[in-house]
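Take a look at the letters that make up each chain.
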Amino acid sequence: MYGFEALTFNIHGGYLEAIVRGHRSGLLTAADYNNLCQCETLDDIKMHLSATEYGPYLQNEPSPLHTTTIVEKCTLKLVDEYKHMLCQATEPLSTFLEYITYGHMIDNVVLIVTGTLHERDVQELLEKCHPLGMFDSIATLAVAQNMRELYRLVLVDTPLAPYFSECITSEDLDDMNIEIMRNTLYKAYLEDFYKFCQKLGGATAEIMSDLLAFEADRRAINITINSIGTELTRDDRRKLYSNFGLLYPYGHEELAACEDIDQVRAVMEKYPPYQTIFVRLSYGESQMLDKAFYEEEVKRLCLAFEQQFHYAVFFAYMRLREQEIRNLMWISECVAQNQKSRIHDSVVFTF
Amino acid sequence: MAGSSSWSRALMQISPYTFASIGIAISIGVSVLGAAWGIYITGSSLIGAAIKAPRITSKNLISVIFCEAVAIYGVIVAIILQTKLESVPESQVYAAESLRAGYAIFASGIIVGFANLFCGLCVGIIGSSCALSDAQNSTLFVKILVIEIFGSALGLFGVIVGIIMSSQASWPAKTA
């Protein structure tokens, strides 16, 4: 019954919820970002980060530092925290935590398949994979020639298996098909996650529905914008949109028919939450769209912490950390390439 | 022995000793349920939050103490109630006065038990939120403590009414 979770949530989830809220207090604040933005070299960044919670992870790195090292170590911190929580969790929290990583698994699969297509070395690709999305037989992905083999050899044993039913074809893998595969998998994953959260009920269902609906809508808009001018037909585009969210189903109909960004903007004017995002962009500009979406996402994620006794705080924390790592990567790249004027183009403050 | 339906006749045939004893059991049992529930709700959040913010442990034990007080109320009232339980001669067991005394002790037990159950729950849930907020911002602790104090007053109300209720439970005198 919604409203009475406070009575029984803490039996299994109380300790972990308190831990994740403790982690949240360690997210970088605006003051930290201001310090980082004023750094001159990567060593300065390392020094500033050693005063935050990233200290123990970066202190043993020798100079000269690379931006990829910084990002890798910060991601390692996230992975350690995630693994700690996962091993302490019981059902259904453990399933929920695993669902959070399936998105990364999909990205890793696509990375390896694309890399193999372009004749890269498997070891090199494995190093680039996101650690949260690793699974045992991931290296075997390099052997597959088409999707059916991909499924039969490797993916049938992973949690991604049920998402493949919609996109098994015997076509060979090429760039276009791989992108379609990625989006189809992600669509199936989002719908599965949404159904799982609805089954959990209560505050988790309510808050996760909002967060996942935003994710689904954001992906729909991005798919539309990225496929303008490509050979993706309207029906194919329509098939890639998830079947939930604010834009479902009428917004999807209109988005499928869009041919350029201004038409997308006109469609979005009808939906108040997205209209406020698009209003911030001037006509014809789409670079700032990503940042506007990230800002909106961060706002919604922070709101998830306002309520107690639900699982969405775990999802929100993981996403906020990932945003923070993206910020750190951008700041490090700007500093390393001496383009500090562009630092504020893409840093999204959490609080 | 009036009683038009068989149910009311059956109820009136239950000995007042039964009612009184069950009342005493409920008073202590359900109070302890409330206290335990409240303590685990607070305790699990407190332990998790104290990992990142160890300073909160000593202050937030107050929430656990408020929950524990609820169990103590239950014990006190149970002890008081059991002193009220007297024997009456066999002929008087179903007299109106005996039934009244039995019912009074039963009601007193239910009052105290359930008031303490909900008080313990209330204080436990607030204590959990208090621990989590204190870990983020230590100025919030005293303010949330005021809410807990109001919550723990609920248990006291139950104890007061229960004691008043049981104080007028008088069994018929032995020499009837």
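Because the structure is predicted, anything quoted here is derived from the model rather than measured. (Residues numbered from 1 in each chain as written. Chains lettered and ligands numbered in written order. Predicted model: local features only at pLDDT ≥ 70, side-chain atom pairs only at ≥ 80, totals over all residues. Heavy atoms only, no water.)

Points about the overall build of chain A
- Along chain A, the regular secondary structure elements total 16 helices and zero strands.
- Over its C-alpha atoms chain A spans a radius of gyration of 21 Å, differing by no more than 12% from the 20 Å that the globule rule assigns to 351 residues.
- Expressed along its principal axes, the backbone C-alpha trace of chain A runs to roughly 55 × 50 × 45 Å.
- In chain A, which comprises 351 residues, the share counted as buried stands at 52%.
- Restricting the contact set of chain A to residue pairs at least 6 apart, pairs at least 24 apart contribute 63%.
- With the model as given, the accessible surface of chain A reaches about 16100 Å², and the carbon-plus-sulfur share is 51%.
- Of the side-chain charges in chain A, 31 are positive and 52 negative, and the distance between the mean point of each set is 3 Å. (Helix = DSSP H or I, 4+ residues; strand = E, 2+ residues; numbered from the N terminus. Rg over C-alpha atoms; globule rule 2.2 N^0.38 Å. Buried < 20%, exposed > 50% of the residue type's maximum accessible area, 1.4 Å probe, protein only. Contact = heavy atoms within 4.5 Å. Areas by Shrake-Rupley, 256 points an atom, 1.4 Å probe, with all protein chains shown as cover. Lys, Arg positive; Asp, Glu negative; His and termini not counted. Charge placed at Lys NZ, Arg CZ, Asp CG, Glu CD.)

Points about the UniProt feature "transmembrane region" (unreviewed entry) in chain B
All names here are of chain B.
- The residues that UniProt annotates with the feature "transmembrane region" (unreviewed entry) are residues 20–40, 61–81, 101–128 and 140–165.
- With 100% helix and 0% strand, residues 101–128 has its two end C-alpha atoms placed 41 Å apart.
- Structurally, residues 140–165 comprises 100% helix and 0% strand, and the distance from its first C-alpha atom to its last is 39 Å. (UniProt positions renumbered as here; feature names shortened; annotations may be inferred.)

Re the UniProt feature "domain: V-ATPase proteolipid subunit C-like" (unreviewed entry) in chain B
Residue and element names in this part refer to chain B.
- Here, UniProt's "domain: V-ATPase proteolipid subunit C-like" (unreviewed entry) annotation points to residues 22–81 and 106–165.
- Secondary structure over residues 22–81 splits into 95% helix and 0% strand, and the C-alpha atoms at its two ends are 11 Å apart.
- From the first C-alpha to the last, residues 106–165 spans 10 Å; its make-up is 95% helix and 0% strand.

A closer look at the interface of chain A and chain B
- Taken together, the contact between chain A and chain B spans 17 residues of the former and 16 residues of the latter.
- Here chain A packs against chain B, burying approximately 1300 Å² in sum over the two surfaces, 59% of which is carbon and sulfur.
- Viewed at the interface, chain B and chain A are joined by one salt bridge.
- Of the charged contacts, one joins K52(B) and E53(A) as a salt bridge, the two residues approaching to 3.4 Å between their closest N and O atoms.
- Counting across the interface, chain A meets chain B through ten residue pairs in polar contact (both at pLDDT 80 or more).
- Among the residues making up the side of chain A that touches chain B, the classes are represented as seven nonpolar, seven polar and three charged. (Buried area = accessible area lost by both parts, 1.4 Å probe. Salt bridge = Lys/Arg side-chain N within 4 Å of Asp/Glu carboxyl O. Polar contact = N/O pair within 3.5 Å; in protein donor to acceptor, adjacent residues only side chain to side chain. Nonpolar A, V, L, I, M, F, W, Y, C, P; charged D, E, K, R; others polar.)

Structural notes on the pattern of salt bridges
Residues and elements named next belong to chain A.
- Counted by the stated rule, this structure contains 26 salt bridges over all chains.
- Of the charged contacts in the structure, one is a salt bridge between R21 and E17, with a shortest N-O distance of 3.1 Å. Here the residue R21 and the residue E17 both occupy positions in helix α1 (residues 5–24), the gap between them amounting to four residues, near one helical turn.
- Its relative accessible area of 0% is what places E17 among the buried residues.
- Here E61 ties to K73 by a salt bridge, and the two come within 3.6 Å at their closest N and O atoms.

A few points about the packing of aromatic side chains
All names here are of chain A.
- Counting across every chain of the model gives 22 aromatic pairs over all chains.
- Between the aromatic rings of Y163 and Y189, the centroid separation amounts to 6.2 Å while the plane-to-plane angle is 55°, which identifies the pairing as tilted. Linking Y163 in the loop between α8 (147–153) and α9 (175–200) with Y189 in helix α9, this pair joins segments that are 26 residues apart in sequence. You'll find Y163 and Y189 in the same group, each marked buried.
- Residues F214 and F293 carry aromatic rings whose centres are separated by 6.1 Å and whose planes lie at 65° to one another, so their mutual orientation is edge-to-face. (Phe/Tyr/Trp six-rings, centres within 6.5 Å; stacked < 30°, edge-to-face > 60°.)

Remarks on the side chain of E215(A)
- Position of E215(A) among the secondary structure elements: in helix α10 (residues 202–226).
- With residues near it in sequence (within four places) discarded, E215(A) still touches Y186(A), L190(A), E297(A) and R319(A).

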